[in-house]
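# Coordinate analysis (summary)
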Amino acid sequence: MISLSTKFPRDFSMLPRAFFILISLTLFSGLMACSEKKTAPSQAKRERSIPVTVTSVALKTVPVQITAIGNVEAFSTVAVKSRITGEVKQVHFKEGQDVTQGTLLFTIDSTPFEVDLQKAQATLARSLALAQKAENDLRRFADLVKKDYISQEQYDQATTNLEALKAQIKADQASAETARLQVSYCSIKAPVTGRTGILQIDKGNMIRANDERAMVIINRIQPVYCTFSVPEQDLSAIKRFSNREKLKIQALVPGREEKPEEGQLSFIDNTIDKATGTIRLRGIFPNKEKRLWPGQFVNIILTLSYQAETAVVPSQAVQTGMKGEYVFVVKPDLKAENRPVTVGRNIDGFTVIEKGLAKGELVVIDGQFRLIPGSKVQIKRAPEGKGATRS
């Protein structure tokens, strides 16, 4: 057996220089072969036709809009409270019921208040009778004082008594009216049209006048408000366009975005929030179908104006790369071009292209994930509603 030490020297410096040159050439050839193998698929990808769906760039009139998150508020909120102290004898509505203004809600025991009314009416009747007698006495005294049968002092005293009784009548009338109001307060009616909330007090309970706890809360939800905030840099545009006409607002209910509620901008706050740099706005909505509910969060779209002749493409055509957004454009020679674009806002499944595309150019909306710049394409017909196509 021959050991390795007898075949190869342990000191590689003793090997011939030509040996190292041969090894280097061998490694270089291997690397070049690997490189050719890697580039081969890309070249093949360019040569074969890749089926894609395309649509042409269209020019449309698109709205200039501001989006925000809004909160629904009741048009008015009324906390129903009792003006008197007494026992609740009857509740005339159910929780969550829609009521109109004037609908009877509660009945309070009116017995003690009716007694007070009868007492006040009796006192008034007594004062009226005394005043009638004093008026008759004064007429008699007027004749007697002329004949010097009574003194002038007696006549003046009779006049004073009559005036005092007239004043007492006014006080008694006020007392009777107060007692009558107390009786009327035993029937609590809805002050506004709206929807009742949770019943806070049941039949048989004692309540106090102007108690801190409301008996029930009524929210008016037709119409309703939506309050939202936008960045302060949008304020100048909002003011400019709102001075021309009422600005339209859409409220999109989560889960039912396909049917937005329509409303108008009704209020711009008089100050900017320094902490957030936003301005608060409010819109009013008829809410005919009662889809907007107080406390609900909705997506708000405020339309400022409309921009004509704007390039738009389906949103699925726009891709995002390391250098930003781009689309694949099909050139007349049926090769794909990677075109950088400047995109704007998204509107109903379309994206506004501010820069990079011209009207009529064909953009790929399906199959672009298999494309590389320069790939040959085979155009398929676009789905209905996606724009013009070539075949």
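Just so it is clear, the structure is predicted and the values come from calculations on it, not from any experiment.

Now for the overall build of the protein chain. Within the protein chain one finds five helices and 20 strands. For the protein chain, buried positions account for 32% of its 391 residues. Of the roughly 24,800 Å² of accessible surface on the protein chain, 53% is carried by carbon and sulfur atoms.

Here we come to the sheet that holds strand S6 (residues 187-189). One open sheet accounts for four strands, arranged S6-S5-S3-S8; its pairing is antiparallel. Whereas interior strands pair on both sides, the edge strands pair on one side only; in this sheet they are S6 and strand S8 (206-207). Alignment of strand S3 (residues 86-91) against S8, held across two bridges, turns out to be antiparallel. Opposite Gly86, over in S8, you have Ile207 as the bridge partner.

Mapped onto the fold, Phe241 is located in helix H5 (residues 235-242). According to the relative accessible area criterion, Phe241 is buried, its value standing at 13%. Residues Phe241 and Ser305, spaced 64 residues apart in sequence, show a C-alpha to C-alpha distance of 7.4 Å. With near-sequence residues (within four places) excluded, Phe241 lies in contact with Leu247, Leu304 and Ser305.

What follows is about the nonpolar core. When a protein is soluble and globular, its nonpolar side chains tend to lie buried together. Phe228, Val230, Ile238, Leu281, Leu292, Leu302 and Leu304 are the most contacted members of the largest nonpolar core, which totals 25 residues. Counting only elements with at least two residues in this core, the list comes to strand S2 (58-80), strand S9 (216-231), H5, strand S10 (248-253), strand S12 (278-285) and strand S13 (297-314). For Leu292, the residues in contact, after removing those within four places along its chain, are Val72, Val224, Cys226, Ala251, Val253, Glu261, Phe285, Asn287 and Val298. Core analysis: the second largest hydrophobic core is formed by 19 residues, Ile108, Phe113, Leu199 and Ile218 among them.

With that out of the way, let us pick up the confidence of the model for the protein chain. On average, residues of the protein chain carry a pLDDT of 84, and 85% of them reach 70 or more. Predicted confidence for residues 1-12 stays below pLDDT 50, and this span has five contacts to residues more than four positions away or in other chains. Note that pLDDT drops below 50 for residues 36-40; the model gives that stretch zero contacts with residues more than four away or on any other chain.

The next point concerns the packing of aromatic side chains. For any pair of aromatic rings, the description consists of the separation of the ring centres together with the inter-plane angle of the planes. Across all of its chains, the model carries three aromatic pairs by this definition. Where Phe75 meets Tyr225, the ring centres are 5.2 Å apart and the plane angle is 25°; that geometry is what we call stacked. Linking Phe75 in strand S2 with Tyr225 in strand S9, this pair joins segments that are 150 residues apart in sequence. For Tyr225, a relative accessible area of 17% gives the class buried. Note on Tyr326 and Phe328: the rings are 5.7 Å apart at their centroids and 85° apart in plane angle, and the pair reads as edge-to-face. One Lys or Arg, Lys60, reaches over the ring of Phe350 and ends 4.1 Å from the middle of that ring.

Bringing the pairing of S12 into the picture now. Burial along S12 is one-sided: the residues Ile279, Leu281, Gly283 and Phe285 are buried and none of Thr278, Arg280, Arg282 and Ile284 is. Hairpin geometry of strand S11 (residues 256-273) and S12 is characterised by an intervening segment of four residues between the two adjacent antiparallel strands and by a positive phi of about 70° at Gly277.

This part covers the pairing of strand S1 (residues 49-56). Of all eight residues that make up S1, six are buried, and the element is covered over most of its length. As judged from the five bridges shared by S1 and strand S20 (residues 376-380), these two strands associate in the parallel manner. Counted as the bridge partner of Pro51 is Gln378 from S20. Where S1 and strand S19 (residues 362-366) come together, four bridges link them in antiparallel fashion. By the bridge assignment for S19, Thr55 is matched with Val363.

Moving on, we come to the pattern of salt bridges. For the structure on display, the rule yields eleven salt bridges. Between Glu361 and Arg339 there is a salt bridge, and its shortest N-O distance comes to 3.0 Å. Linking Glu361 in the loop between strand S18 (350-355) and S19 with Arg339 in strand S16 (residues 336-340), this pair joins segments that are 22 residues apart in sequence. Through salt bridges with shared partners, a single network forms among Asp98, Arg195 and Lys290.

A cis geometry characterises the amide bond from Gln222 onward to Pro223, with omega recorded as 0°. Among the structural elements, Pro223 can be located in strand S9. The phi dihedral of Asn210 falls on the positive side, at around 55°, and the residue is not glycine. Along the chain, the position of Asn210 falls in the loop between S8 and S9. Using a relative accessible area of 59% as the deciding quantity, one classes Asn210 as exposed.

Quick notes on the rules
- Residues numbered from 1 in each chain as written.
- Predicted model: local features only at pLDDT ≥ 70, side-chain atom pairs only at ≥ 80, totals over all residues.
- Heavy atoms only, no water.
- Helix = DSSP H or I, 4+ residues; strand = E, 2+ residues; numbered from the N terminus.
- Buried < 20%, exposed > 50% of the residue type's maximum accessible area, 1.4 Å probe, protein only.
- Areas by Shrake-Rupley, 256 points an atom, 1.4 Å probe, with all protein chains shown as cover.
- Pairing = 2+ DSSP bridges.
- Contact = heavy atoms within 4.5 Å.
- Core = buried A, V, L, I, M, F, W, Y, C linked by side-chain atoms within 4.5 Å.
- pLDDT = per-residue confidence, 0-100.
- Phe/Tyr/Trp six-rings, centres within 6.5 Å; stacked < 30°, edge-to-face > 60°.
- Lys NZ or Arg CZ within 6 Å of the ring centre and 35° of its normal.
- Salt bridge = Lys/Arg side-chain N within 4 Å of Asp/Glu carboxyl O.

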